[in-house]
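Below, each chain spelled out in residue letters.
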Amino acid sequence: MTERTKSSIPFVGLHAHSVAGSPFDGYGYPSEHMDFAYSNGNDALALTDHGNMNGFSHQMIHLKKMKEEGREFKAIFGVEAYFTPSIKEWKEAYEKAKVDKKTAKALEKDDGKMSIENEGDSKAATNNILRRRRHLILIAQNQTGLNNIFKMVSESYQGDNYYRYPRMDYELLGKYSDGVIAASACLGGVYAGNYWENKDEGEEAILKAMRKTTEQMIAVFGDRWLGELQWNSVPEQHKINKYIIQLSKEYGFKMISTADSHYPTPDAWVHREMYKRLGW
């Protein structure tokens with residue numbers, strides 16, 4: 001058995017992507033992510049693949065193996081959902097856009113088409129409601145929460161919820177919020193979206209949009225709404241972090257620090273980069 005590193009910093013990764021559920025974005029199977037987290041001194045790890053729970057069975061099977069080997073570990077179940085505030089408003093805009101024949105043809109071409117995660121599109125400052133989507137982390141707090149995430153994921157692929165991506169809105173979140181913890185995600189997330197869409201208007205416009213998001217999310221999740229801080233070399237990330245910290249002081253919600261991992265080990269980054277480029 002691989003020797004386990006003792007960690008002096010209590011940390012649990014709550015934002016991770018695998019090849020099982022994030023094709024051409026996440027690299028490595030859930031088992032590889034879990035093994036490295038354990039060997040690195042962690043006691044738990046969340047898997048939050050894009051728009052689906054396909055890694056769940058991988059987590060359960062490997063968790064059983066780890067326990068049989070005497071490795072005590074906790075698998076945390078979640079998803080990085082695609083979010084839009086209102087499917088009803090999107091549908092109204094969709095029907096209105098279809099009046100133009102050229103636009104209608106383009107929309108029909110996109111309808112039913114499954115797109116793999118494109119970080120550039122998710123971070124885009126688009127004001128086009130038809131194309132816009134944001135990321136939202138959902139984590140199961142208990143069995144009720146896990147059941148509700150399964151229900152939300154299932155419904156996100158049905159009817160008007162699905163357009164190029166499986167989407168959730170405030171109405172769906174409110175229907176199945178019990179036992180679910182939600183976090184603001186990455187540079188493609190809900191707070192980041194407020195930033196991208198309003199940065200040219202200045203700080204007050206950004207904060208106004210972020211406050212609206214905060215109030216709506218707290219109305220759905222209560223104290224289970226978390227601001228997500230990340231640490232990378234993108235300058236905008238640190239600007240968004242500062243806004244989240246300010247909002248946390250204003251509204252009293254808790255914050256988490258995540259790595260948004262896309263590969264299981266530090267030296268696997270090059271394999272993930274090649275895999276990602278092959279996908280595009």
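Values in this document were obtained by computation on a predicted structure and should not be read as measured data.

1. Some words on the packing of helix H9 (residues 203-221) against helix H10 (residues 235-251)
The N-to-C vectors of H9 and H10 enclose an angle of 55°; their axes lie 11 Å apart at closest approach. The angle between H9 and H10 places the two elements in the oblique class. Read as a crossing pair, H9 and H10 show a hand that is right-handed. Residues Glu203, Ile206, Leu207, Met210, Arg211, Thr214, Glu215 and Ile218 of H9 touch H10, and the partners they reach there are Tyr243, Gln246, Leu247, Glu250 and Tyr251. Looking at side-chain class alone, the contact of H9 with H10 contains seven nonpolar, two polar and four charged residues.

2. Some details on the packing of aromatic side chains
The description of an aromatic ring pair uses the distance of the two centres, along with the angle that the planes make with each other. Enumeration according to the criterion identifies 15 aromatic pairs in this entry. Here Tyr82 and Tyr165 contribute two aromatic rings whose centre-to-centre distance is 4.7 Å and whose plane-to-plane angle is 55°, an arrangement assigned as tilted. With a gap of 83 residues between them, Tyr82 in strand E2 (residues 74-83) and Tyr165 in strand E5 (residues 165-168) connect regions that are remote in the sequence. Of the two residues, Tyr82 and Tyr165, both sit in the buried class.

3. Re the packing of helix H8 (residues 190-198) against H10
Look at H8 against H10: their axes get within 10 Å of each other, and the N-to-C directions meet at 115°. For the element pair H8 / H10, the angle class is roughly perpendicular. In this structure, H8 meets H10 at a crossing whose hand is right-handed. On H10, the residues touching Tyr191, Ala192, Tyr195 and Trp196 of H8 are Glu236, Lys239, Ile240, Tyr243, Ile244 and Leu247.

4. Observations regarding the layout of surface pockets
Here the largest pocket defines a volume of roughly 950 Å³. Lining the largest pocket are 41 residues, and of these His15, Ala259, Asp260, Ser261 and His262 lie nearest its centre. Here the element with the most residues in the lining of the largest pocket is helix H1 (residues 30-39); it accounts for three residues. Grouping the amino acids of the lining of the largest pocket by side-chain chemistry returns 14 nonpolar, 19 polar and eight charged. Roughly 540 Å³ of volume is contained in the second largest pocket. Forming the walls of the second largest pocket are 21 residues, and the residues nearest its centre are Pro85, Arg132, Asn194, Glu197 and Lys212. Mapped onto the lining of the second largest pocket, the elements with two or more residues apiece are H8 and H9.

Scoring rules and cut-offs
In every chain, residue numbers begin from 1 and rise along the written sequence. Only residues with pLDDT of 70 or above have their local features reported here, since the model is predicted, and side-chain atom pairs are shown and tallied only from 80 upward, although totals for entire chains, interfaces and linings are computed over all residues. To get the side-chain values, all heavy atoms of the structure are used, and hydrogens and water are removed first. Where helices are involved, their axes are fitted lines through C-alpha atoms of the stretch in contact, as for all axes, and angles between N-to-C directions lie from 0 to 180°. Only DSSP runs of H or I covering at least 4 residues are called helices, and only runs of E covering at least 2 are called strands; the numbering of each starts at the N terminus. Here is the rule for angles: anything less than 35 degrees is roughly parallel, anything more than 145 is roughly antiparallel, 65 through 115 is roughly perpendicular, and the remaining ranges are oblique. Crossings are assigned a handedness: left-handed for a near helix turned anticlockwise from the far helix by less than a right angle, right-handed for a clockwise turn. Residue contacts follow a heavy-atom distance rule, with two residues in contact if any of their heavy atoms lie within 4.5 Å. Residues are grouped as follows: Ala, Val, Leu, Ile, Met, Phe, Trp, Tyr, Cys and Pro are nonpolar; Asp, Glu, Lys and Arg are charged; every other residue, Gly included, is polar. Whether two aromatic rings pair depends on their centres lying within 6.5 Å, for rings of Phe, Tyr and Trp, where Trp uses its six-membered ring; planes under 30 degrees apart make the pair stacked, over 60 edge-to-face, and the rest tilted. For each residue, the accessible area found with a 1.4 Å probe, counting protein chains only, is set against the maximum for its type, and the residue is called buried under 20%, exposed over 50%, and partly exposed in between. Here the term cavity refers to a set of points on a 1 Å grid, laid over the protein atoms alone, in which a 1.4 Å probe fits but cannot get out; the term pocket refers to an open set having protein on both sides within 12 Å along at least five of seven lines, with lining residues being those that place an atom within 4 Å of a point. Grid points are joined across faces, edges and corners, and a volume is the space filled by probe spheres set on the points.

Remember, this is a structural readout, not a statement about activity or role.
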